[in-house]
Amino acid sequence: MDNVFANRLRKKSFSLPEAYGSQFAKRVFQRKDMLFALAALLIFAGLALFAPFISPYDPNAIDLKNKNLGPSEEHILGTDYLGRDLLSRILIGARTSLSIASGVVLVSLFLGTAAGCAAGYYGGLVDESISRVIDIFLSFPGVIFALTIMGALGTGIFNLMLALSIVHWAKYARMMRGQVLSIKKQEFVLSAITGGAGDFYIIRKHIVPNAIATLLVLATIDFGHVILSIATLSFLGIGLPADVPEWGAMLSAGKEFMRTAPYQTIFPGLAITFIVIIFSILGDGMRDILDPNHEGGEID
């Protein structure tokens, strides 16, 4: 996010809700692409939330007599090589992917915000130490780094969330540090310091509210990236246990039947593509609305 955007927003001292509020909602309702993405996300989230109740079959129920069946009235999306219903597995897989991605993004956002605030606000040795750690984490390719961590920790939901959080927190910390360095020079922060306000109060009341907009945009876009990372690790066989339905694992299993039963990879692949596009549209839309440098982005 361009720092000019942040500087222009901070000509006055206000928090995100005070700055945007109904104006932000108004801008959202003026964009058909964001409305479509929000509606699609709500539907997707609803299906994931109620997946155990609306799934027509047990996602792990093996029925070898009906393996590799194409889409039909009985199995709308067909069955896999073990006779498991694909629709049920995709629905439960949505629940799995969205739950894990939500946890990873929240943990990464929290850790990155805390580290970035400390580095940018205190400066000196604190900034130097944290910045070097951030540089080290950002120097590794994300997927390779996650592969290494998962190889050491083993498969499992907790290990997967931990590995991806370790990989993703640094980008939030770097962005937050840059925002804090700019915000702490503003008059309202200097006035608070002169007035004797404590560091925690200044960070909570002035720094975070005025920097959170850019981090929320990053988190929205990063949500899709996290889902791709989950699918990639599961595709490689080191993400989640075999008994947990997940889109990447379904792609990995279905690749052996690309010629005879291509639907086993088409449907989970479409699910991954669809959810990543949704978060990409939402992230781009939020950036355009919140960033005055983008056409139509300035809030009245």
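Criteria and cut-off values
- Residues numbered from 1 in each chain as written.
- Predicted model: local features only at pLDDT ≥ 70, side-chain atom pairs only at ≥ 80, totals over all residues.
- Heavy atoms only, no water.
- Helix = DSSP H or I, 4+ residues; strand = E, 2+ residues; numbered from the N terminus.
- Buried < 20%, exposed > 50% of the residue type's maximum accessible area, 1.4 Å probe, protein only.
- Contact = heavy atoms within 4.5 Å.
- Areas by Shrake-Rupley, 256 points an atom, 1.4 Å probe, with all protein chains shown as cover.
- Expected span 1.5 Å × (residues − 1).
- Lys, Arg positive; Asp, Glu negative; His and termini not counted.
- Salt bridge = Lys/Arg side-chain N within 4 Å of Asp/Glu carboxyl O.
- Polar contact = N/O pair within 3.5 Å; in protein donor to acceptor, adjacent residues only side chain to side chain.
- Core = buried A, V, L, I, M, F, W, Y, C linked by side-chain atoms within 4.5 Å.
- Patch = residues over 30% accessible without salt bridge, like charges linked within 9 Å, V, L, I, M, F, W, Y side chains within 5 Å.

Colleague: Outline the overall build of the protein chain, listing residues and values.
Modeller: Each helix and strand counted, the protein chain has 13 helices and zero strands in total. Helices and strands appear in the protein chain in the N-to-C order α-α-α-α-α-α-α-α-α-α-α-α-α. Counting all 300 residues of the protein chain, 47% fall into the buried class. Residue pairs in contact within the protein chain that sit at least 24 positions apart in sequence constitute 71% of those at least 6 positions apart. Summing over all exposed atoms, the protein chain offers an accessible surface of approximately 14800 Å²; the carbon and sulfur share of this is 65%.

Colleague: Account for helix 8 (residues 142-153), with residues named and values stated.
Modeller: Side chains three or four residues apart in an α-helix point the same way, a direct result of the helix having 3.6 residues per turn. Over its twelve residues, helix 8 extends 16 Å from the first C-alpha to the last, a length consistent with the 16 Å expected when each residue adds 1.5 Å. The elements touched by buried residues of helix 8 are helix 7 (124-138), helix 9 (157-183) and helix 11 (199-235). In the stretch just after helix 8, Gly 154 is the one whose phi turns positive, near 95°.

Colleague: How would you summarise unusual backbone geometry if you had to cite specific residues and measurements?
Modeller: Phi at Asn 68 takes a positive value of approximately 55°, unusual for a residue other than glycine. Tracing the backbone through its elements, the reader meets Asn 68 in the loop between helix 5 (51-54) and helix 6 (86-122).

Colleague: Talk me through the side chain of Arg 89; I want residue IDs and the actual numbers.
Modeller: Inspection of the secondary structure assignment puts Arg 89 in helix 6. No salt bridge is formed by the buried Arg 89, whose closest oppositely charged neighbour, Asp 80, lies at an N-O distance of 4.0 Å. Polar side-chain contacts of Arg 89 include one of 3.2 Å to the side chain of Asn 60.

Colleague: So what's going on with the nonpolar core? Residues and values would help.
Modeller: Within the largest apolar cluster, 71 residues are counted, with the highest numbers of intra-cluster contacts made by Ile 207, Trp 247 and Ile 275. Every element with two or more residues in this core is listed here: helix 4 (32-49), helix 6, helix 8, helix 9, helix 10 (187-194), helix 11, helix 12 (247-254) and helix 13 (263-290). A per-element tally of this core places helix 11 first, with 16 residues. Contact partners of Ile 207, with chain neighbours within four places excluded, come to Cys 117, Met 176, Val 180, Ile 183, Lys 184, Val 189 and Ile 202. Among the nonpolar cores identified, the runner-up in size contains seven residues, and Ala 119, Ile 134, Trp 169 and Ala 170 belong to it.

Colleague: Which residues make up a nonpolar patch on the surface, and what are the values?
Modeller: Together, Ile 43, Leu 47, Leu 49, Phe 50, Phe 53 and Ile 54 make up an exposed nonpolar region whose accessible area comes to about 640 Å². Looking at the nonpolar patch, the element that brings in the most residues is helix 4, giving three residues. Mapping Leu 49 onto the fold places it in helix 4. On the basis of relative accessibility, which here comes to 52%, the residue Leu 49 falls in the exposed class.

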